Amino acid sequence: MEHSAPFAETSRRGFLRTVGVAGGAGVLYSAMGAMGLAPVPTADAASYRAPQESDFALSGRGGKKVVILGGGIAGLATAYELGKAGYDCRILEAKNRPGGRNWTARGGTTETDLDGNTQQARFSDGQYMNCGPGRLPQSHVTLDYCRELGVELQAFVNQNADAYIYHQNSAALAGKPMRWRTAKADVYGYVSELLAKATDQGALDAALTKDDKDRLISFLQSFGAIKGKADGFAYAGTDRRGYTVEPGAADNAGVVLGPVPSLSDVLASGVGQRFSFELGYDQAMMMFQPVGGMDAIPRALEKAIRRGTIQYEAAATAVANVPGGVEVTWRDKHGREHVERADFCVVATPPHIAARLRHNLGDPVTNALKTPTPLAVGKIGLEYKRRWWELEDRMYGGVVPTDTDLANMWFPSYGYQGRRGTVIGYYNTGANAEAYGKLPHAQRAERAVAQGVKIFGDRYRSELAASFSVAWHRTPFLEGGWVGWRDQNGPEYKLLNQPQGNVYFAGDWLSHVIAWQHGAFTSARKVVTDIHTRVMAA
């Protein structure tokens, strides 16, 4: 009888091994779950089960060695997740820091671009700029990793009713900063007036019943703050537009902002085109950011990964499928070449960087890697001696959209009512980013400040203390902000989402959430699941 338990365990292990060989890891997990040996994943298509050491303990298998090219979010997440089951992971990162496009500049940060121009940030203590991603939607799995890794979060003010919209090229109201709340009140008001009139005059009789029309008009009166039928449903402006004198005590009822521009001017100003921004699924308030800088995420991943896993200043030059696994060639900071052998390789670099690797994966892979187009992206951080936007404009954080080459300006969502603050003076893409990227840093700052003066006056120049700019497309080993595909249903996208021998690809560019860290995390999870399933079924 003393042999019955070991015999049962051996039989159970043999049974599970047979199940795994026949049905793969997915069937194996289900069988283990039915036997009470592993949690069973839910039927949710978005669910994810991290590999675990127990997977190997009962199946008689062991973790493999995986070389990961790139220490951005996708590469770090791949190592982190595989490490949970005991895989031997090795990350080769060309830069001297983790995170890839996720990096934060603080005082002392130094960066040399592809043109040989070197900057050193001179931000004061506590000031920083997120050179890459800067905000986190609530729906993204990135927040789950922040929770798991202990990354503290704070609110990011993505939309602020007291922020400005600035159009200098519009057909009306040009060159006049307009509060978001004022613009929205006028656009909603006039649209409601027009629709209420049309409804009342029978223009929608074919589509609406009388009760429908009454309900619609009632909604429009609330939505647009318009008058009743006796007054022609007119929009005349209300306190929704804001005040020139805030209401106060005693007989101070306040002074409502006026005069209201005409319908024609409001339409010609184009400000209504800005509101779709806040309706975007991945842009809706409220949003979040890590306390102290976005690079808290890759730093937390770095800390969670086994010490010695990441080799910095290691630029991969070649990858090849070889008998029994893969072979990766990389060059260290002294120019010496090294060769690394492993069971699998995960290429987690941008596709246009991966396309330069020497490999034996075939021309279709090279062509597929060259298919997505990298986008030029630029940012500049401007530290000010005092937070004049709070003191004088009563604007606490938020995004200021413009039709200038600045594109968007971000006001800080941290350090409220402190002494200093750092503004993102431009966050632009495409031709605007390329134009700024061609300039030395000092000229980028000069150009950006000159544009900002048009909106905020001379304080935008006179209060400036320090600046730091980044052109993603001119940054070594990044060479772009994010990529665009002609067709994510095309053969190139599908090819790179499949293993090429023992080589896999991962990154936000292989997801439908490009440009967000969520895309990198979910792509990493897919590759981790694919590798682990393959190992368990072998």
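Chains are numbered independently. Their residues run from 1 in the order of the written sequence. For this predicted model, a pLDDT threshold of at least 70 governs which residues receive local features, and a threshold of 80 or more governs which side-chain atom pairs are given and counted, while totals over whole chains, interfaces and linings are taken from all residues. Only hydrogens and water are removed before side-chain values are computed, so all heavy atoms of the structure are retained for them.

*Asks:* When you look at the side chain of N158 in this model, what are you seeing that I'm missing?
*Replies:* Along the polypeptide, N158 turns up in the loop between β7 (153-156) and β8 (164-165). Within 3.5 Å is the distance limit for a polar contact, defined as a pair of N or O atoms, with the added protein rule that one can donate a hydrogen and the other accept it, and that residues adjacent in sequence qualify only through two side-chain atoms. Here the side chain of N158 touches R135 through a polar contact of 2.8 Å, side chain to side chain. A distance of 2.5 Å separates a polar atom in the side chain of N158 from the backbone oxygen of Q283. The criterion used for residue contact is that any of the two residues' heavy atoms lie within 4.5 Å. When near neighbours in sequence (up to four residues on either side) are disregarded, N158 contacts R135, F277, Q283, M285, M287 and V399. Numbering of helices and strands runs from the N terminus, with a helix taken as a DSSP run of H or I at least four residues long and a strand as a DSSP run of E at least two residues long.

*Asks:* For this particular structure, what's the right way to read the side chain of E93?
*Replies:* One can find E93 in strand β2 (residues 88-93). One buried charge, E93, has no salt-bridge partner; the nearest side chain with opposite charge is R97, at 6.2 Å. Here G71 takes part through its backbone nitrogen, which lies 2.5 Å from a polar atom of the side chain of E93. Apart from the residues lying within four places of it in its own chain, the contact partners of E93 are G70, G71, G72, I310, Q311, Y312, E313 and A314. Burial status follows relative accessibility: with a 1.4 Å probe on protein chains alone, a residue under 20% of its type maximum counts as buried, one over 50% as exposed, and anything between as partly exposed. Note on charges: Lys and Arg go in the positive column, Asp and Glu in the negative column, and His and the chain ends are not counted at all. The term salt bridge refers to a side-chain nitrogen of Lys or Arg lying within 4 Å of a carboxyl oxygen of Asp or Glu.

*Asks:* Would you take a moment to explain the UniProt feature "domain: Rhodanese" (unreviewed entry) in the chain for this structure?
*Replies:* UniProt positions are given in the numbering used here, feature names are shortened, and annotations may be inferred rather than shown by experiment. Mapped onto the present numbering, the UniProt feature "domain: Rhodanese" (unreviewed entry) falls at residues 478-494. Helix makes up 24% of residues 478-494 and strand 12%, and the two end C-alpha atoms of the span are 23 Å apart.

*Asks:* Mind showing me how you'd approach the packing of helix α3 (residues 73-83) against helix α8 (residues 296-304) here?
*Replies:* All axes here are fitted lines through C-alpha atoms, helices being fitted over the stretch that makes contact, and every angle between N-to-C directions spans 0 to 180 degrees. Where α3 contacts α8, the axes come no closer than 10 Å and their chain directions differ by 30 degrees. If you check the angle between α3 and α8, you find them roughly parallel. Remark: the crossing between α3 and α8 carries left-handed chirality. The segment α3 lies against α8, with I73, L76, A77 and Y80 engaging I297, P298, L301 and A304. For classification purposes, an angle smaller than 35 degrees is called roughly parallel, one larger than 145 roughly antiparallel, one from 65 to 115 roughly perpendicular, and anything else oblique. Here is the rule for handedness: rotate from the far helix to the near one, and if that takes an anticlockwise turn smaller than a right angle the crossing is left-handed, while a clockwise turn gives right-handed.

*Asks:* Help me understand the sheet that holds strand β16 (residues 337-342) in this model?
*Replies:* Note: strands within a sheet are paired through backbone hydrogen bonds, in either parallel or antiparallel orientation. DSSP bridges decide pairing: two strands pair if at least two such bridges lie between them. A sheet is described by the order of its strands in space; here four strands give the open sequence β16-β15-β14-β18, paired in mixed fashion. The open sheet is flanked by β16 and β18 (358-359), the only strands paired with a single partner. Direction of pairing for strand β14 (residues 315-322) relative to strand β15 (residues 325-331): antiparallel, over a ladder of seven bridges. Along β15, the bridge assignment pairs V322 with G325.

*Asks:* Can you walk me through the environment of I531 in this structure?
*Replies:* By the secondary structure assignment, I531 is in helix α16 (residues 517-537). The exposure class of I531 is buried, given its relative accessible area of 0%. Separated by 249 residues in sequence, I531 and D282 have C-alpha atoms that sit 30 Å apart. Those residues in contact with I531 that sit more than four places away from it in its chain are Y87, F344, V346 and Y504.

*Asks:* Even after reading the chapter, I still don't get unusual backbone geometry, so can you show me in this structure?
*Replies:* Peptide bonds are mostly trans, and most non-glycine residues show a negative phi. P259 follows G258 through a cis peptide bond whose omega is -5 degrees. Tracing the sequence through the fold places P259 in the loop between β11 (255-256) and α7 (263-269). For the bond running from M285 to M286, omega is -5 degrees, close enough to zero to count as cis. Checked against the element boundaries, M286 lands in the loop between α7 and β12 (287-290). Despite not being glycine, R394 shows a phi value in the positive range, around 55 degrees. Tracing the backbone shows R394 in the loop between α11 (388-391) and β21 (398-401). Positive phi, normally seen in glycine, also occurs at E479, with a value near 55 degrees.

*Asks:* Mind showing me how you'd approach the confidence of the model for the chain here?
*Replies:* Regions with low pLDDT carry predicted coordinates that are not meant to be interpreted in detail. pLDDT gives the predictor's per-residue confidence on a scale running from 0 to 100. Here the chain shows a mean pLDDT of 92. Residues at 70 or above account for 91%. Scored below 50 in pLDDT, residues 18-37 shows 38 contacts in the model against residues more than four places distant or in partner chains.

*Asks:* I would appreciate a short explanation of helix α6 (residues 210-224) in the present structure.
*Replies:* An α-helical turn contains 3.6 residues, so a residue and the one three or four places further along point in the same direction. A helix is expected to span 1.5 Å for every residue after the first. Taking 1.5 Å as the rise per residue, α6 with 15 residues should run 21 Å; its terminal C-alpha atoms sit 21 Å apart, in good agreement. Among the residues of α6, those classed as buried are K213, I217, L220 and G224. Each buried residue of α6 sits inside an arc of 60 degrees when the element is viewed along its axis, so together they form one side. Its buried side turned inward, α6 meets α5 (180-200). Positive phi shows up at A225, right after α6, with a value of about 55 degrees. To obtain the arc, one takes the directions from the helix axis to the C-beta atoms.

*Asks:* What is the right way to read the pattern of salt bridges from this model?
*Replies:* Oppositely charged side chains may form a pair once their charged atoms are brought near each other. A full pass over the atoms with the stated rule returns 34 salt bridges. Close ionic contact of E327 with R341 constitutes a salt bridge, the shortest N to O distance being 3.1 Å. Of this pair, E327 sits in strand β15 while R341 sits in strand β16, and the two are 14 residues apart along the sequence. One network of salt bridges, in which partners are shared, links R386, E392, D393, R459 and E463.

*Asks:* Honestly, the nonpolar core in this entry has me stumped. Any pointers?
*Replies:* The nonpolar side chains of a soluble globular protein tend to be buried with one another. In this structure, Y87 and I297 are the most contacted members of the largest nonpolar core, which totals 41 residues. Among the elements of the structure, β1 (65-69), α3, β2, α4 (142-149), α8, β17 (344-347) and α16 are those that each provide at least two residues to this core. Considering each element in turn, this core owes the most residues, eight residues, to α16. By nonpolar core is meant a set of buried Ala, Val, Leu, Ile, Met, Phe, Trp, Tyr and Cys residues that side-chain atoms within 4.5 Å join together. If you look at the next biggest cluster of nonpolar residues, it comprises 27 residues, including L69, V326, V365 and L369.

*Asks:* Would you mind showing me how to read the pairing of β15 here?
*Replies:* If a strand is regular, its side chains alternate between the two faces of the sheet. Burial within β15 is extensive, with five of its seven residues counted as buried. Connecting β14 to the antiparallel partner β15 that follows it, the hairpin turn spans two residues, and G324 within it adopts a positive phi of roughly 85 degrees. As judged from the six bridges shared by β15 and β16, these two strands associate in the antiparallel manner. The residue bridging V326 from the neighbouring strand is A342, located in β16. Counting the residues between successive antiparallel strands, the hairpin from β15 to β16 contains five residues, one of them, G335, with a positive phi of roughly 90 degrees.

*Asks:* Sorry if this is basic, but what is going on with the environment of G99 here?
*Replies:* One can find G99 in the loop between β2 and β3 (104-105). Spatially, the C-alpha atom of G99 lies 15 Å from that of G480, the residues being 381 residues apart in sequence.

*Asks:* Where do I start with the packing of helix α12 (residues 430-437) against helix α13 (residues 441-456) in this structure?
*Replies:* Geometrically, a packed helix pair is captured by the angle between its two axes and the distance between the axes. Where α12 contacts α13, the axes come no closer than 9 Å and their chain directions differ by 130 degrees. Taken together, the axes of α12 and α13 lie oblique to each other. For the pair α12 and α13, contact is made by A435, Y436 and G437 and by R444, R447, A448 and Q451, respectively. We call Asp, Glu, Lys and Arg charged. Ala, Val, Leu, Ile, Met, Phe, Trp, Tyr, Cys and Pro are nonpolar, and the rest, Gly among them, are polar. Its residues placed into classes, the contact of α12 with α13 shows three nonpolar, two polar and two charged.

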